[in-house]
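Secondary and tertiary structure notes
In case you want the letters, here they are:
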Amino acid sequence: MRVLGVWDVLGGLGGSETMARPKVAFVGTGGATKGVAHLGVLKAMEELGLKPDIYVGASSGAIASAFFAQGVSADEMVDWFRPFWRRKSEDPLKGRYFLGLPSAEQLASPGWLTSGLFSIDRFEHYLRDKLPHNDFRQLDTPLFVTAADIDGRGRVVFGRGHIEDVPISEAVAASSCVPILFRPYKIGERYFIDGEVVRTLSMDVAVEAGADVVIVSNVYRPHVTRKGPSLARRGVAAVARQALNIVLSEKEKRGIDLLHQQFPHVTVLNVTPDLGEHSFTSRRESRKLLLRGYREALRVLAAAKRRGVFDVATTMRSVGEA
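Calculation criteria
- Residues numbered from 1 in each chain as written.
- Predicted model: local features only at pLDDT ≥ 70, side-chain atom pairs only at ≥ 80, totals over all residues.
- Heavy atoms only, no water.
- 1 Å grid on protein atoms, 1.4 Å probe; cavity = no way out; pocket = protein on both sides within 12 Å on 5 of 7 lines; lining within 4 Å.
- Points joined across faces, edges and corners; volume = space filled by probe spheres on them.
- Helix = DSSP H or I, 4+ residues; strand = E, 2+ residues; numbered from the N terminus.
- Nonpolar A, V, L, I, M, F, W, Y, C, P; charged D, E, K, R; others polar.
- Buried < 20%, exposed > 50% of the residue type's maximum accessible area, 1.4 Å probe, protein only.
- Pairing = 2+ DSSP bridges.
- Right-handed = clockwise from strand over helix to strand, strands pointing away.
- Axes fitted to C-alpha atoms, helices over the stretch in contact; angles between N-to-C directions.
- Left-handed = near helix turned anticlockwise from the far one by under 90°.
- Contact = heavy atoms within 4.5 Å.
- Parallel < 35°, antiparallel > 145°, perpendicular 65-115°, else oblique.

Under the defined criterion, the tally for this structure stands at one cavity of 30 Å³ or more. Roughly 40 Å³ of internal volume is contained in the largest cavity. In terms of lining, the largest cavity is formed by Val 27, Gly 28, Val 56, Gly 57, Ala 58, Thr 146, Arg 199, Thr 200, Leu 201 and Ser 202. Elements supplying a minimum of two residues to the lining of the largest cavity: β2 (24–28) and β3 (54–57). Of the residues contributing to the lining of the largest cavity, the split by class is four nonpolar, five polar and one charged.

So, on to the pairing of β2. Of all the five residues making up β2, five are buried; the element is thus mostly covered by neighbouring parts of the structure. Alternating residues of β2 divide into Val 24, Phe 26 and Gly 28 and Ala 25 and Val 27, and every residue in both groups is buried. Two strands pair when backbone bridges link them, and β2 and strand β10 (residues 213–217) are joined in this way by five bridges, in the parallel orientation. When the sheet's bridge partners are listed, Phe 26 is paired in β10 with Ile 215. Here β2 runs beside β3; their pairing, made up of four bridges, is parallel. Each bridged residue has a counterpart across the sheet, and for Gly 28 the counterpart in β3 is Gly 57. Handedness of the β-α-β unit built from β2, helix α2 (residues 36–47) and β3 comes out right-handed.

Take the packing of helix α7 (residues 121–130) against helix α8 (residues 168–175) next. The relative placement of two packed helices is expressed as an angle between their axes plus a distance between the axes. The N-to-C vectors of α7 and α8 enclose an angle of 145°; their axes lie 8 Å apart at closest approach. The handedness of the crossing between α7 and α8 comes out as right-handed. Counted together, Phe 123, Glu 124, Leu 127 and Arg 128 of α7 and Ser 169, Glu 170, Val 172 and Ala 173 of α8 form the full contact between these two elements. Split into classes, the residues belonging to the contact of α7 with α8 amount to four nonpolar, one polar and three charged.

Located in the positive-phi region is Ser 59, a residue other than glycine, with phi close to 55°. Tracing the backbone through its elements, the reader meets Ser 59 in the loop between β3 and α3 (60–68). Taking relative accessible area as the criterion, Ser 59 reaches 5% and is therefore assigned buried. The backbone of Ile 180 sits at a positive phi, close to 75°, despite the residue not being glycine. For Ile 180, the position within the fold is in strand β7 (residues 180–182).

The next thing to look at is the packing of α2 against helix α11 (residues 286–306). Interhelical geometry of α2 versus α11 gives an angle of 40° and a closest axis separation of 7 Å. Between α2 and α11, the angle falls in the class oblique. The element α2 and its partner α11 pack so that their crossing is right-handed. Contact residues: Val 36, Ala 37, Leu 39, Gly 40, Val 41, Lys 43, Ala 44, Met 45 and Glu 47 in α2; Ser 286, Leu 289, Leu 290, Gly 293, Tyr 294, Ala 297, Leu 298 and Leu 301 in α11.

Listed below in structure tokens is the structure:
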């Protein structure tokens, strides 16, 4: 006589329950050069066999998501940050692509010309040439990019089911427009800046797209001084960096708390490597950023995998319900 197990019982419910692998979303914050840590997180996900079903990003998180969602591996993107004599890529992403000269249209508008130090158009051209596909509607894996409308219309979401007729390169350029550093990016008759101005994370977009598990790659964890002088004694750059980390980290915490209240069935895995003391603009620390993102992701995601977070998603339905 065979003892019935839990799966036998569930299987005898006559179709009242559907068992499936949970949908996993990757949500990447911005962070300028600190966003290199996202590649470490994505590398850890690759090694753990965790392939996202949904990608959401703002600024540097949007850059990483736009490539990874199209099958570009973490190793290929990491190659951009290797010394030139070790690179395999013929045209890696370089800092100079962000230092664009003003366009003719910007030169003709003194107000727009003086609204930022650089044009991000050159970066958009790089993305246009480098991305395997430049149309949200052609992607097999959903990609969502967020930006902020400078004229007060709030957050804007680019991607399937939202604004999907804008090229991916333009959406990512708009999302990467850090205020003051770059002039707002024009799409049609609207102007956009960095998506994180409105929200540090857009986890709600991932949940709306069907995510059961949201993996957050967050680079804004404040630095905790355990030894050495206080940050107050390390100059204005250290204080400004820490203040920004604190503000954005608190925004992220409130976002996660709100998501838990609205969608208690969704699991949020917050990968927050200790990057607080690192610069937002220097590529010299890329290796450290990668390793810290990778190690923290391995720690958080491997533990979640052992708990069975990625094994089964259960959707209860009444008998006969579609």
